[in-house]
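Observations on chain architecture
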2 protein chains.
Amino acid sequence: MYKIDFENMAYALMEAEKSYNEGGLPIGSLMFDHELNKHISSGHNRRIQDGDPIAHGEMDCIRKAGRRHRYNTVTLYSTLSPCMMCSGTIVQFGIPRVVIGENINFRGNIAFLEKHDVKVTLLNDEMCIKLMEKFIRENPKLWDEDVSGRDHVWNV
Amino acid sequence: MYKIDFENMAYALMEAEKSYNEGGLPIGSLMFDHELNKHISSGHNRRIQDGDPIAHGEMDCIRKAGRRHRYNTVTLYSTLSPCMMCSGTIVQFGIPRVVIGENINFRGNIAFLEKHDVKVTLLNDEMCIKLMEKFIRENPKLWDEDVSGRDHVWNV
């Protein structure tokens, strides 16, 4: 863990809170280039806001980073453990490191990421856990629609 | 194989050709509800057109289908074998069947899909192969940027 990881996760959490305030799923993400020491992009889940089922926080963040040839110098931050769509994307794009806010509310696919040589840092941060917990309690149907209906731990 | 599979793949190929004519990657996709016997959506790769790295053909098609609670009645068609982003999405969303135009120009992740109980039909259609081959010959750098730089056969 590095100091920058806490700062970047705090920013990703701010994205999650922004989404919550818009009525959306409170999952935020940030892409940071650790070679350039530079914030590349950030984003949040937009399923509700844009009617877009593929716009998970990580996907919105990767989309906003625009076209790149390689991702070997970036770390991706997500307030919640990545689903199989986002995990497949991380592996396909060759993102070497992911920092995860929490995997209590959604287990996600840490074993899959690690099997494919992605370095994973799991924080289980209290603020990430509480915000997600609150949304799930208030919106069980939206949560089921987004991913919880498919919260398998996929065999890897 | 069903007659409808050839019709739907021909439509997905039309989407691929449309993308080629726009200067984009010629990969098309279609979602068909086999219970309702209904074309739900279609799309094509938009990396070049929209500067959007996550807009592979399959993703554009799934996005255009809009918000759904479940995908258990749909078949997804793609002119090219799905990369790990698209394969992860198919598994996460619970799409039960995928029909693939070809896996000669990109191997993709058929074993991964099958391991996660997705039924895969591979056509290796000549027209899909030739269109992709032509684009790769003409645009090796764009092809490398999109996926070929990461054409691993991921362990499953």
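Use the structure listed above.
Residues numbered from 1 in each chain as written. Chains lettered and ligands numbered in written order. Predicted model: local features only at pLDDT ≥ 70, side-chain atom pairs only at ≥ 80, totals over all residues. Heavy atoms only, no water.

1. Structural notes on the interface of chain A and chain B
Counting residues at the interface gives 38 residues for chain A, matched by 38 residues for chain B. Between chain A and chain B, roughly 3300 Å² of surface is buried when both sides are summed, and carbon and sulfur atoms account for 58% of that area. Of all residues in chain A, Ile54, Arg67 and Gln92 of chain A bury the most surface against chain B, accounting for 22% of the area lost on that side. Where chain A touches chain B, the interface holds six salt bridges. A salt bridge links arginine 67 of chain B to glutamate 145 of chain A; the shortest N-O distance between them is 2.9 Å. At the junction of chain A and chain B, the tally comes to eight residue pairs in polar contact (both at pLDDT 80 or more). Within the residue set of the side of chain A that touches chain B, elements represented by two or more residues are α2 (47-50), α3 (57-64), α4 (84-93), α5 (110-115) and α7 (140-146) of chain A. At seven residues, the largest contribution of residues to the side of chain A that touches chain B is made by α4 of chain A. A per-class count over the side of chain A that touches chain B returns 17 nonpolar, ten polar and eleven charged. (Contact = heavy atoms within 4.5 Å. Buried area = accessible area lost by both parts, 1.4 Å probe. Salt bridge = Lys/Arg side-chain N within 4 Å of Asp/Glu carboxyl O. Polar contact = N/O pair within 3.5 Å; in protein donor to acceptor, adjacent residues only side chain to side chain. Helix = DSSP H or I, 4+ residues; strand = E, 2+ residues; numbered from the N terminus. Nonpolar A, V, L, I, M, F, W, Y, C, P; charged D, E, K, R; others polar.)

2. So, the relation of the copies chain A and chain B
Relative to chain B, chain A is turned by 180° and slid 0.0 Å along the rotation axis, the superposed coordinates differing by an RMSD of 0.0 Å. Within this description, the copies of the chain are treated as partners about a two-fold rotation axis. Among all residues of chain A, the one whose C-alpha sits closest to the rotation axis is glycine 88 of chain A, at a distance of 2.4 Å. Looking at chain A, 100% of its interface residues are interface residues in chain B too, so the copies touch through the same face. (Least-squares fit on C-alpha atoms with pLDDT ≥ 70 in both.)

3. What about the sheet that holds strand β3 (residues 74-78) of chain B?
Residues and elements named next belong to chain B. With mixed pairing, five strands are arranged side by side in an open sheet as β2-β1-β3-β4-β5. Since the sheet does not close on itself, it has two edges, and those belong to β2 (38-44) and β5 (119-122), each with one partner. On average, each strand axis in the sheet is tilted by 15° relative to the strand beside it, whichever way the strands run. Across five bridges, strand β1 (residues 28-33) lies against β3 in antiparallel orientation. Counted as the bridge partner of methionine 31 is leucine 76 from β3. Across the face of the sheet, helix α1 (residues 3-21) comes into contact with β1, β2, β3 and β4 (97-100) while running at roughly 145° to β1. (Pairing = 2+ DSSP bridges. Axes fitted to C-alpha atoms, helices over the stretch in contact; angles between N-to-C directions.)

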